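Architecture and fold: a report
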Amino acid sequence: MDRSLQLRRHTSSLLATLALAAGLETAASAAPAAPTPEAPAIFTDITNDVGLDFVHYSAEAGELDLPEITGPGGALFDQDGDGDLDVYLVQGGKLRPRSSPEGGDRLYRSLLADTGQLRFTDATSALGLAATGYGMGVATGDIDNDGDLDVYVLNFGPNQLWRNDGARLVDISASSGTTGSTDKGSEEWSIAATFVDIDGDGLLDLYVVNYTDFPVDPPIRCYARTSRRDYCGPSAFTPTADRLFRNRGDGVFEDISQSSGIARVAGPGLGVLAARLNGGRFLDLYVTNDGAANFLFQQSAAAATFDDDALLAGVALNQLGQPEASMGVDAGDFDRDGDLDLFLTHLSGEKNTLYVNLGDGLWEDRTTALGLASPSRAMTGFGTVWIDYDNDGWLDLAAVNGRVLLPTTVQGTGGARDLVQPNQLFRNQEGRGFVDVSASAGAAFVGPETSRGLARGDFDNDGDTDIYLCNWGANRLYLNDGKGKFTDVAQEVGASGHPRDWSSGACLLDYDNDGDLDIYVAQ
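Let me sum up the structure you'll find in this document. (Residues numbered from 1 in each chain as written. Predicted model: local features only at pLDDT ≥ 70, side-chain atom pairs only at ≥ 80, totals over all residues. Heavy atoms only, no water.)

1. Quick look at the overall build of the protein chain
Check the secondary structure of the protein chain and you find four helices and 40 strands. For the protein chain, with 523 residues in total, the buried portion stands at 52%. When the accessible surface of the protein chain is summed, it comes to about 21300 Å², and 50% of that surface belongs to carbon and sulfur atoms. (Helix = DSSP H or I, 4+ residues; strand = E, 2+ residues; numbered from the N terminus. Buried < 20%, exposed > 50% of the residue type's maximum accessible area, 1.4 Å probe, protein only. Areas by Shrake-Rupley, 256 points an atom, 1.4 Å probe, with all protein chains shown as cover.)

So this is what it looks like as structure tokens:
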């Protein structure tokens, strides 16, 4: 029997609704329209079905303290090495007196590898985890090269480093020298961190982003233009320099913040990433600051010595030369030109910013030209990720939102319900621009919540990217439904056979290098 060939290319179908928003922090934010029957939701909330019962507690004690609106964050990582994503979640607490809800931070272990079903169990106690600080964020990395990802928790107050021994998490905060306490013994307010090998010795070092010097007592009070009490912004406090810890390889980290040049500048930092942004030999560090110029730390000829080149590179300020309230940040090659672009979320009344990498160590703010300015002006963005949610080979954008100032309609000190805003999903139009598809994305982007952290990962190992939202109150796990389809392109590539041929074999391959698997059928 003659054997001819058929090739079917995977494509994704999505009915998109363009939703534009504009306004200020004090203006009401309208939620996107609900999905139509012709546009099935992309993401489905499965949180309650899989045993993730975490609820974040932010105190809301009535003093309108800035720390209570800053967190929470979380991390997706394989804690036990079974090939599935586990979830670490930081908890808030009370500032006066300092306390945390019973149990503090939580770690949920996935049972997918054990049972074949996507379920989670609370493994916090079994692992010996007792993280009861006022949590902000978390970073993971293998500090001792034993194959297990270790955990660093950012707090308002002393930070914690947990060594992962597989069956247990061991607190080595004090002995490692990474708590972040100052020489005077006072506490720092750390927001974000990243593990990165800055000197190429094969050991992960640690960069820690600090925010401001926030005094708990007596509380500082701030007021809106209407003379009503409101949350303070970072300008009411003194910014604190970040820290850089070098891994010595013996379980101890050396603070090289001063000698590296990191501590020469200080800003109210909220985000950080490490990458070879300019294609150089060394990894760069990009830090987003709240209402101040951002930092781009690039290494000079001497390893572990940094200069802030953000202003010269074009990533310190926006297109108008103004600093913005930079919060979330992620790097990705959205236009597939071989270098990393930067996306930042900001305060409402501003716009989110997409810095396009020009490939010569310079970036350009092209947010407006690419369709991302207007939809973001009414929102206060926090977590953001590049995510190819439809597996078409082009990086899309997700951003989670929530106010930091009370609406004018709120009386008294308000609460979490008064800070809610819808989240947003933007589809990449093959590098030419972005379209807001939030309305067809499901409850993750339609129902307004006060969201802060956003993480991506494939929870069910089905080949598409799911998302986890860290909110005030109940957190959310949204499963990507992966509603794609396959299109027969055999004739296009000269490999078509008779429609009634028998199929005798098949294989999966990414023949067009677009990031998803196609099907090759032998007949």
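2. Overview of the pairing of strand 34 (residues 451-457)
Of all the seven residues making up strand 34, six are buried; the element is thus mostly covered by neighbouring parts of the structure. Examined bridge by bridge, strand 34 and strand 35 (residues 466-471) share six bridges and lie antiparallel to one another. Pairing of R456 across the sheet is with I467, part of strand 35. (Pairing = 2+ DSSP bridges.)

3. Points about the sheet that holds strand 15 (residues 205-210)
Read across the sheet, four strands follow the order 14-15-20-21 without closing on themselves; strand pairing throughout is antiparallel. Every other strand in the sheet has two partners, leaving strand 14 (190-196) and strand 21 (253-255) as the edge strands with one partner each. Along the sheet, successive strands turn relative to each other by an average axial angle of 25 degrees, direction set aside. Summarising the sheet, strand 15 and strand 20 (residues 243-247) pair through three bridges and their orientation is antiparallel. The residue of strand 20 that forms the bridge with V208 is R243. (Axes fitted to C-alpha atoms, helices over the stretch in contact; angles between N-to-C directions.)

4. Section: the packing of aromatic side chains
Tallying each qualifying case throughout the model produces 14 aromatic pairs. Each ring, one from F295 and one from F297, has its centre 5.4 Å from the other, and the planes form 50 degrees; the classification is tilted. For the pair F295 and F297, a shared accessibility class is recorded, and that class is buried. Each residue in the set Y134, F156, W189, Y211, F214 and F237 is aromatic and connected to the rest through ring pairs, giving one cluster. Positioned over the ring face of W394 is R336, at 4.0 Å from the centre of the ring. Note that R452 overlies the ring of F382, its terminal NZ or CZ placed 4.0 Å from the centroid. (Phe/Tyr/Trp six-rings, centres within 6.5 Å; stacked < 30°, edge-to-face > 60°. Lys NZ or Arg CZ within 6 Å of the ring centre and 35° of its normal.)

5. Focus on unusual backbone geometry
Cis geometry is found at the peptide bond from G71 to P72, where omega equals 10 degrees. Here the residue pair D217 and P218 is connected by a cis peptide bond, since its omega of -5 degrees sits within 30 degrees of zero. Relative to the assigned elements, P218 resides in the loop between strand 16 (212-213) and strand 17 (222-223). In this model, L64 sits at a positive phi of 55 degrees, which is unusual for a non-glycine residue. For E430, which is not a glycine, the phi torsion comes out positive at approximately 55 degrees. Position of E430 relative to the elements: it lies in the loop between strand 32 (424-428) and strand 33 (434-436).

6. Regarding the pattern of salt bridges
In total, this model carries 21 salt bridges according to the counting rule given. Here R221 and E63 are joined by a salt bridge, their closest N and O atoms 3.7 Å apart. In this pair, R221 is assigned in the loop between strand 16 and strand 17 and E63 in the loop between strand 3 (55-56) and strand 4 (74-77), connecting sequence segments 158 residues apart. The partner of D330 in a salt bridge is R456, and the shortest N-O contact between them spans 2.8 Å. Taken as a pair, D330 in strand 26 (residues 329-332) and R456 in strand 34 lie far apart in primary sequence, 126 residues in all. Residue class for R456 comes out partly exposed when judged on its relative accessible area of 38%. Bridged by salt links that share partners, the residues D45, E449 and R476 form one connected network. (Salt bridge = Lys/Arg side-chain N within 4 Å of Asp/Glu carboxyl O.)

7. Some thoughts on the environment of R168
Looking at the secondary structure, you find R168 in the loop between strand 12 (160-164) and strand 13 (169-171). For R168 and S125, which are 43 residues apart along the polypeptide, the C-alpha to C-alpha distance reads 9.5 Å. Once residues lying within four places of it in the same chain are set aside, the contact partners of R168 are S125, A126, L127, G128 and R163. A polar contact of 3.0 Å, which involves the side chain of R168, links it to the backbone oxygen of A126. (Contact = heavy atoms within 4.5 Å. Polar contact = N/O pair within 3.5 Å; in protein donor to acceptor, adjacent residues only side chain to side chain.)

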